[in-house]
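Tertiary structure, described
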Amino acid sequence: MARLENIRIDEGCTSCTIVDQTRLPRELVHRTLSTPEEFYEAIATLAVRGAPCIGKTAAFAMACFAQQAALEGCSFEDARERLYAQADYLQASRPTAVNLAYELDRAREICGKTAQDAWQLAQRLRDHACDLEKNEKRIYESIARFGLDLLEPGATILTHCNAGPLGCGWPGTALGPAILGAAEGKHIKVYADETRPLLQGARLTTFELSQAGVDVTLICDNMAATVMAQGKIDAVMVGADRIAANGDTANKIGTYGVAVLANHFGIPFYVLAPKSTIDIACTTGADIPIEERSGDEIKTMWYEQPMAPEEVQCYNPAFDVTDAKIISAIITEDGVAYPPFEESLREVMSS
Ligand code: MRU
């Protein structure tokens, strides 16, 4: 099967086509997004998901909105005001992954520079979106290479959620070493946590790894301790939604538990992420906003019948923060940061 493009800008640059990640692996559905409401809904419902992919979607959306404004004959000033409002609107779609805010800030910066007219502004936002796409290859291949270098050929890793090509770019962040390893005959095996409640591990990680020829085994989230105790896991590799200046890392709910287990069993715990996921403005993980989602994702979604009493209270935080003290290394496109992370992340950020 050909590589799936998570999102692309359509000809004419007024809309984007996405692979709807909520429908995989059952069916491959492409959707077209053009209005702010459509982009917002796609991000909020996880039709596009994964921190880098959400950032890219925001950048592509802003390029489309600018083109629409130019086509409607808006002046530069009117287009700019409209784009600022659209950026604020999109920013509220998901709070935790910093990549969304990061890309919207880039778009705001571009809007802040004087332009001759709305066409020139649209061209600049489109150029930025194109650059983003061009840089992806270097970023994700580099992360995958640094990650693979930390593993022995034939090693087995455990991963949580989905940090593969769909959520990032080819070959992904946490899944990159295994995918690159398969291409190079290094035979990295993967245990994938199913990742309750939205099952990104079961639905997307196993799908992407199988497509790439990686030996992948699906487990329920509550089996991670068992496979570690059985000596089956050589390293844990996960992605990130936001990394604070001290190394505390927000990622999909359940990641913290996996890190605690890895620490207990003396298994290295690696975070793999592009530098755009590092938020130096967050001093520690306590500053990271954590998204809370509907309890229906726990009670009813995926089931033919509700699996809990209708009136039961639910608490459904979508992310948790892993304490930097139990992270072995943070792998970026420009190098591997080791503890103490305050210094090493600052060095990586300036390289
Ligand atoms: O809610 P999601 O599916 O967007 O959460 C995704 C994750 O937590 C990923 O591990 C993270 O974004 C890393 S890279 C895709």
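Preceding this paragraph is the structure being described.
Summary of the structure given here. (Residues numbered from 1 in each chain as written. Predicted model: local features only at pLDDT ≥ 70, side-chain atom pairs only at ≥ 80, totals over all residues. Heavy atoms only, no water.)

**Some points on the nonpolar core**
Formed by 43 residues in total, the largest nonpolar core has its most connected members in Leu83, Leu121 and Leu125. If you list the elements that add at least two residues to this core, you get strand 2 (16-19), helix 1 (36-44), helix 2 (51-71), helix 3 (76-91), helix 4 (98-112) and helix 5 (118-149). Of all the elements, helix 2 adds the most residues to this core, at 14 residues. The residues contacting Leu83, other than those within four sequence positions of it, are Met62, Phe65, Ala66, Cys111, Leu121 and Leu125. Counting 27 residues, the second largest nonpolar core, distinct from the first, contains Val258, Ala273, Leu345 and Val348. (Core = buried A, V, L, I, M, F, W, Y, C linked by side-chain atoms within 4.5 Å. Buried < 20%, exposed > 50% of the residue type's maximum accessible area, 1.4 Å probe, protein only. Helix = DSSP H or I, 4+ residues; strand = E, 2+ residues; numbered from the N terminus. Contact = heavy atoms within 4.5 Å.)

**Notes on the environment of Tyr140**
One can find Tyr140 in helix 5. Every residue in contact with Tyr140, bar those within four places of it in the chain, is listed here: Pro52, Cys168, Gly169, Trp170, Pro171, Gly172, Thr173 and Pro274.

**Describing helix 6 (residues 176-183)**
In an α-helix there are 3.6 residues to a turn, and that puts residues three or four apart on one side. Within helix 6, six of the eight residues are buried, which leaves it mostly tucked inside the rest of the structure. All of the buried residues along helix 6 are Gly176, Pro177, Ala178, Ile179, Leu180 and Gly181. For helix 6, the secondary structure elements touched by its buried residues are helix 5, strand 5 (189-193), helix 7 (200-211), strand 7 (235-238) and strand 10 (269-272).

**A closer look at the side chain of Arg242**
Following the sequence through the fold, Arg242 ends up in strand 8 (residues 242-244). The buried category is assigned to Arg242, whose relative accessible area is 9%. Of the polar contacts made by the side chain of Arg242, one reaches the backbone oxygen of Pro95; its length is 3.1 Å. At a separation of 2.9 Å, a polar atom in the side chain of Arg242 contacts the main-chain carbonyl oxygen of Thr96. (Polar contact = N/O pair within 3.5 Å; in protein donor to acceptor, adjacent residues only side chain to side chain.)

**Re the site of the ligand**
Arg49, Arg94, Asp241, Asn251 and Lys252 are the nearest of the 18 residues found near the ligand. Asp241 places a side-chain nitrogen or oxygen 2.8 Å from an oxygen atom of the ligand. One of the side-chain N or O atoms of Asn251 is found 2.6 Å from an oxygen atom in the ligand. The protein chains hide 99% of the 410 Å² of surface that the ligand would expose on its own. Mapped by element, the contributors of at least two residues to the shell around the ligand are helix 2 and strand 9 (249-252). Within the shell around the ligand, the residues separate by chemical class into eight nonpolar, six polar and four charged. (Near = heavy atom within 4 Å. Areas by Shrake-Rupley, 256 points an atom, 1.4 Å probe, with all protein chains shown as cover. Nonpolar A, V, L, I, M, F, W, Y, C, P; charged D, E, K, R; others polar.)

**Notes on the sheet that holds strand 1 (residues 7-9)**
Read across the sheet, three strands follow the order 1-2-3 without closing on themselves; strand pairing throughout is antiparallel. In the strand order of this sheet, the two ends are held by strand 1 and strand 3 (30-33), each with one partner. Sheet twist, expressed as the mean angle between neighbouring strand axes with direction ignored, is 25 degrees. By the bridge criterion, three bridges tie strand 1 to strand 2 in an arrangement that is antiparallel. When the bridges of strand 2 are listed, Ile9 appears paired with Cys16. The strands touched by helix 1 are strand 2 and strand 3; relative to strand 3, the strand with the most contacts, the crossing angle is about 135 degrees. (Pairing = 2+ DSSP bridges. Axes fitted to C-alpha atoms, helices over the stretch in contact; angles between N-to-C directions.)

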